[in-house]
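# Structural overview
Take a look at the letters that make up each chain.
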Amino acid sequence: MKSLESWGRYPRVEQHTRPLVWRTDSLPRPDGTVLPHGLGRSYGDSCLNEGGTLLLTSGLDRLISFDAGTGVVRCEAGVTLDTLLRLAAPRGWFLPVTPGTKFVTVGGAIANDVHGKNHHRGGTFGRYVRRFELLRSDGSRRVCAPDENPDWYGATIGGLGLTGLVTWAEVQLKPISNPYVLQETVPFENLDGFLDVARASEADYEFTMAWVDCLAVGKNVGRGLLYRGNFAPPQFDGLPLKKSHLSHGSGLAVPMDMPAFCLNRLSVSAFNWLYYHRQNGKPKQRLTHYDPFFYPLDAIYGWNRIYGKRGFLQFQCVVPYSTARDALREILERSSRGGLPSFLSVLKTFGDIPSPGWMSFPRQGVTLAMDFANRGEKTWRLVEELDRLTREAGGAVYPAKDARMSPESFAAYFPRRAEFSGYIDPAFSSSFWRRVNPVTLPFSLESERGPTASQPQSLLAIR
């Protein structure tokens, strides 16, 4: 067994690994359960399978076809978003939806139905997945699409890798004139200011997100900087591409695990004050390459080491607009009072565009993501308190970023979980799924007719 961790570095668990090489191969049959694993960029335990086996998909990294006229690409599940960008961007195409890192696999993007800065316009990644092949542990293979095995399509998108192995996928890209973004940075003084400028920006800007000062107090709770932008029009064509934009970034790296005392209230407060006030209270416009606009943290290799050996917990929630102002203010104030400052806090808005995935996280409202250095019980109590506030506000927490969500919260956040559980492959499981479903779930046996909800199976029996 190997000791492995997620990007948040908590938890660290023992599990076997089995590399996958060919998409035409049968699934290996190790003892215990299996789980597909790409680059491990989930922050909690949804990409871990303690005591079981991870099926490493990095070997499934082949491009199968690309139509430069329509922007349709077919690739294996282990292909990264970075690889797709290297192929597509110079040819006038871009990812229709992208998370804050390009170092995730296509299979991982499907499993977590990732979202980005344009949810109010584009929805989630799953909306652009035209079809994929799903390999089950009984050896069966299904091509899944909105009009072909649509139930398996809906269960697998956002299904956390539990319905089987996605071997290949076909994705519709979006056209761009050039690789540049016209970006504007707008300061706002508090949560009300964010809500006003974010909603006003949605009509004219495809991409919006905000950095928020988690330690601002009083009338300034929730102050920050909104970044909004659109891809540049054709008159900017022909500007030279810098080589660094087609690689990892600047080559910066965190060379070692940082000492825990480096991230404290004083250091974070000083950084936040300087970062906010460098704008001088005025909007600023500039032309930027897509890389620093969409993937600023990718420029720093191993940035998760900033939090030290114990890692960090990210808390990402979404709450409806009807409760957003009060709920987010309470979450920010509770975090500040708890003496555990979030080193990076981000606000975005989600539109009313439904995802095809039954278990997808995004829903209309405001989403807040906060990174907390892991200080043990103190951090866990804070995250559990924020979980409670989210639940009371009628919101949800993102499984891909979670390491502490309670079973009660999971049941409240994902009302289709019972229906979804009937599509889980009996050989597949994860540390996350066992944590939020600790007793009994309605698993079913595979059949040509699909699953039924009348075949319960003890969770302990499939570990």
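None of the values given here were measured: they were computed from a predicted structure. (Residues numbered from 1 in each chain as written. Predicted model: local features only at pLDDT ≥ 70, side-chain atom pairs only at ≥ 80, totals over all residues. Heavy atoms only, no water.)

### Considerations on the pattern of salt bridges
Summed over the entire model, instances satisfying the criterion amount to 25 salt bridges. Between Asp425 and Arg136 there is a salt bridge; the shortest N-O distance is 3.5 Å. With Asp425 in the loop between helix H11 (417-421) and helix H12 (431-436) and Arg136 in the loop between strand E8 (129-135) and strand E9 (141-144), the pair connects residues that are 289 residues apart, well separated along the chain. Here the two residues Asp425 and Arg136 agree in accessibility, since each one is buried. Between Arg329 and Glu333 there is a salt bridge whose closest N-O contact spans 3.2 Å. In this pair, Arg329 and Glu333 are both assigned in helix H8 (residues 321-337), four residues apart and thus about one turn of the helix distant. (Salt bridge = Lys/Arg side-chain N within 4 Å of Asp/Glu carboxyl O. Helix = DSSP H or I, 4+ residues; strand = E, 2+ residues; numbered from the N terminus. Buried < 20%, exposed > 50% of the residue type's maximum accessible area, 1.4 Å probe, protein only.)

### So, the sheet that holds strand E2 (residues 12-19)
Read from one edge to the other, the open sheet built from four strands follows the order E1-E2-E4-E3, with strand pairing classed as mixed. The sheet is open, and its two borders are formed by strand E1 (2-5) and strand E3 (34-37), each paired with just one other strand. For this sheet the average axis-to-axis angle between neighbouring strands, irrespective of direction, equals 50°. In terms of strand pairing, E2 meets strand E4 (residues 53-56) through four bridges, oriented parallel. (Pairing = 2+ DSSP bridges. Axes fitted to C-alpha atoms, helices over the stretch in contact; angles between N-to-C directions.)

### Remarks on the side chain of His120
Mapped onto the fold, His120 is located in helix H3 (residues 119-122). Among the polar contacts listed, one links the side chain of His120 to the backbone oxygen of Glu206, at a separation of 3.4 Å. In this structure, His120 is in contact with Glu202, Tyr205, Glu206, Phe207, Thr208, Thr349, Gly351 and Ile353, ignoring residues within four places of it in sequence. (Polar contact = N/O pair within 3.5 Å; in protein donor to acceptor, adjacent residues only side chain to side chain. Contact = heavy atoms within 4.5 Å.)

### Quick notes on the side chain of Glu206
One can find Glu206 in the loop between helix H5 (191-201) and strand E13 (207-212). Each residue touching Glu206, except ones within four places of it in the same chain, is listed here: Lys117, Asn118, His120, Arg121, Lys174, Gly229 and Asn230.

### Details of helix H1 (residues 81-88)
Burial analysis of H1 places six of its eight residues in the buried class, the great majority of the element. Of the surrounding elements, those touching the buried residues of H1 are strand E5 (63-67), strand E6 (72-76), strand E7 (93-94), helix H2 (106-111) and helix H7 (290-294).

### Structural notes on the packing of H5 against H8
H8 packs onto H5 with a crossing angle of 140° between their chain directions and a minimal axis gap of 10 Å. As the angle between them shows, H5 and H8 are arranged oblique. Crossing geometry of H5 relative to H8 is assigned as right-handed. Here Leu191, Asp192, Leu195 and Arg199 of H5 lie close against H8, whose contacting residues are Tyr321, Arg325, Leu328, Arg329 and Leu332. Among the residues making up the contact of H5 with H8, the classes are represented as five nonpolar, no polar and four charged. (Parallel < 35°, antiparallel > 145°, perpendicular 65-115°, else oblique. Left-handed = near helix turned anticlockwise from the far one by under 90°. Nonpolar A, V, L, I, M, F, W, Y, C, P; charged D, E, K, R; others polar.)

### Details of the environment of Thr349
Secondary-structure assignment places Thr349 in strand E19 (residues 345-350). Take Thr349: its relative accessible area is 4%, and that puts it in the buried class. In contact with Thr349, not counting residues within four places along its chain, are His119, His120, Phe194, Ala198, Glu202, Thr208, Tyr321, Gly365 and Val366. Looking at Thr349, its side chain comes within polar contact range of the side chain of Glu202, at 2.7 Å.

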